[in-house]
Amino acid sequence: MQDQPKAKPFRSSSFFKDGLSSRQPVEGTIARGWLREDKELYTGKKTTTSPSAAAPLTSAIAPTGPTATTPNANASPSQVAAAYPDDVEKFPFPITEEILNRGQERFQIYCSVCHGMTGQGDGMIVRRGFRKPPSYHEQRLREAPVGHFFDVVSNGWGAMPSYASQVPVRDRWAIIGYIRALQLSQAGAQPATQTSGDRK
Ligand code: HEC
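Residues numbered from 1 in each chain as written. Predicted model: local features only at pLDDT ≥ 70, side-chain atom pairs only at ≥ 80, totals over all residues. Heavy atoms only, no water.

1. Considering the site of the ligand
If you check the shell around the ligand, you find 24 residues, and the closest are Cys111, Cys114, His115, His148 and Met160. A distance of 2.9 Å separates an oxygen atom of the ligand from a polar backbone atom of alanine 159. Elements with a contribution of two residues or more to the shell around the ligand: α4 (112–115), α6 (139–143), α7 (146–155) and α8 (169–186). Residue contributions to the shell around the ligand peak at four residues, all from α7. The residue makeup of the shell around the ligand, split by class, is 19 nonpolar, three polar and two charged. (Near = heavy atom within 4 Å. Polar contact = N/O pair within 3.5 Å; in protein donor to acceptor, adjacent residues only side chain to side chain. Helix = DSSP H or I, 4+ residues; strand = E, 2+ residues; numbered from the N terminus. Nonpolar A, V, L, I, M, F, W, Y, C, P; charged D, E, K, R; others polar.)

See the structure below:
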């Protein structure tokens, strides 16, 4: 028992030609539980990419300046759609009431601190000096495909860090469902909400 001929982790070995005691996994090996076959669910990107998908980000969507309003906040719908050619426009699974409730809860935990409870970009961290995010109720973000929101949460955007490690994939979609609900709730009252409240 004392002298078992076993390989200890990371210890070299003269048994194999490459001197490693452990074998490399077969190419294409996927760890159990990590199969990500559903591209739309896991990346928010369309399965079939359009020819323009590889085009660089246009100024219509690039993160900008120190203020909340992006220069092209009022880009036309076609411009907005063209700015996110490979982002999915539909949720990868049905958004039920239960999922919306989950999204509301997760939004209030992870996003409202900066984006505010209604998505105006007036969260407490912003009131204490963090960069003010754009309102979810500006035209560009009302028209942006859901895949863009997924991209922002998963990979970060400008000053906003990625929330991929805090928010699992399905919860990200639930949050986006809730953001869509917030957008609908404010859609009719745009001029009033733009001027009221404690903005900086
Ligand atoms: C620490 C503060 C902070 C938190 C928390 C935060 N964000 Fe942001 N978010 C920002 C800032 C700042 C920007 C603007 C970034 C820029 O333009 O540089 C932004 C931008 C965005 C945008 C707009 C991207 C665009 O196209 O302009 C979306 C959508 C967004 N955040 C979603 C979320 C969601 C969903 C969550 C919760 C999972 C979240 N954010 C949490 C700070 C935050």
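2. Description of the coordination of the iron atom of the ligand
Taken together, the protein donors to the iron atom of the ligand comprise His115 (NE2) and Met160 (SD), at separations of 2.0 to 2.1 Å. Around the iron atom of the ligand, the six donor atoms are arranged such that angles at the metal cover 86 to 178°; this shape is classified as octahedral. With a gap of 45 residues between them, histidine 115 in helix α4 and methionine 160 in the loop between α7 and α8 connect regions that are remote in the sequence. Overall, histidine 115 belongs to the buried group, its relative accessible area being 11%. Residue methionine 160 is classed as partly exposed on the basis of its relative accessible area, which comes to 23%. (Donors = N, O, S within 2.8 Å, 3.2 Å for Na, K, Ca; no water. Tetrahedral: all angles 85-135°; square planar, octahedral: opposite > 155°, others 65-115°. Buried < 20%, exposed > 50% of the residue type's maximum accessible area, 1.4 Å probe, protein only.)

3. With respect to the confidence of the model for the protein chain
Of the residues in the protein chain, 78% reach a pLDDT of 70 or more, and the chain-wide mean stands at 84. Note that residues 52–60 has pLDDT below 50 and, in this model, nine contacts with residues that lie over four places away or in other chains. Note on residues 64–71: pLDDT under 50 across the span, and 11 contacts to partners over four residues away in sequence or across chains. (pLDDT = per-residue confidence, 0-100. Contact = heavy atoms within 4.5 Å.)

4. Some details on the nonpolar core
Note that soluble globular proteins tend to have their nonpolar side chains buried in a common cluster. One finds Phe107, Tyr136, Phe149, Trp173, Ile175, Ile176 and Ile179 to be the most contacted residues of the largest nonpolar core, which totals 26 residues. No other element matches α8, which puts eight residues into this core. Discounting residues that sit within four places of it in the chain, isoleucine 176 has contacts with Phe91, Val146, Phe149 and Phe150. (Core = buried A, V, L, I, M, F, W, Y, C linked by side-chain atoms within 4.5 Å.)

5. Side note on the packing of helix α3 (residues 97–110) against α8
Two elements in contact, α3 and α8, have axes separated by 7 Å at closest approach and are oriented at 90°. Overall, the two elements α3 and α8 adopt an arrangement that is roughly perpendicular. Counting all contacts with α3, which are made through Ile99, Leu100, Arg102, Gly103, Gln104, Arg106, Phe107 and Gln108, the residues of α8 involved are Asp171, Ala174, Ile175, Gly177, Tyr178, Ile179 and Leu182. Here the residues of the contact of α3 with α8 sort into eight nonpolar, four polar and three charged. (Axes fitted to C-alpha atoms, helices over the stretch in contact; angles between N-to-C directions. Parallel < 35°, antiparallel > 145°, perpendicular 65-115°, else oblique.)

6. Remarks on the packing of α7 against α8
Between α7 and α8, the least distance of the axes is 10 Å, while the angle of their chain directions is 125°. Viewed along their axes, α7 and α8 adopt a mutual orientation that is oblique. Where α7 crosses over α8, the two elements pack in a sense that is right-handed. Facing Val146, Gly147, Phe149, Phe150, Val153 and Ser154 of α7, the residues of α8 in contact are Val169, Arg172, Trp173, Ile176, Ile179, Arg180 and Gln183. Class assignment of the residues belonging to the contact of α7 with α8 gives a composition of eight nonpolar, three polar and two charged. (Left-handed = near helix turned anticlockwise from the far one by under 90°.)

7. Let's talk about a nonpolar patch on the surface
Taken together, the side chains of Ile30, Trp34 and Leu35 define a hydrophobic patch exposed on the protein surface, amounting to about 340 Å² of accessible area. Looking at the element boundaries, tryptophan 34 is found in the segment before α1 (39–43). (Patch = residues over 30% accessible without salt bridge, like charges linked within 9 Å, V, L, I, M, F, W, Y side chains within 5 Å. Areas by Shrake-Rupley, 256 points an atom, 1.4 Å probe, with all protein chains shown as cover. Salt bridge = Lys/Arg side-chain N within 4 Å of Asp/Glu carboxyl O.)

8. Observations regarding the side chain of serine 135
Along the chain, serine 135 falls in the loop between α5 (124–127) and α6. The class of serine 135 is buried, set by a relative accessible area of 6%. Within polar-contact distance, the side chain of serine 135 engages the backbone nitrogen of histidine 137 at 2.9 Å. When neighbours within four sequence positions are excluded, serine 135 is seen to be in contact with Gly119, Gln120 and Leu141.

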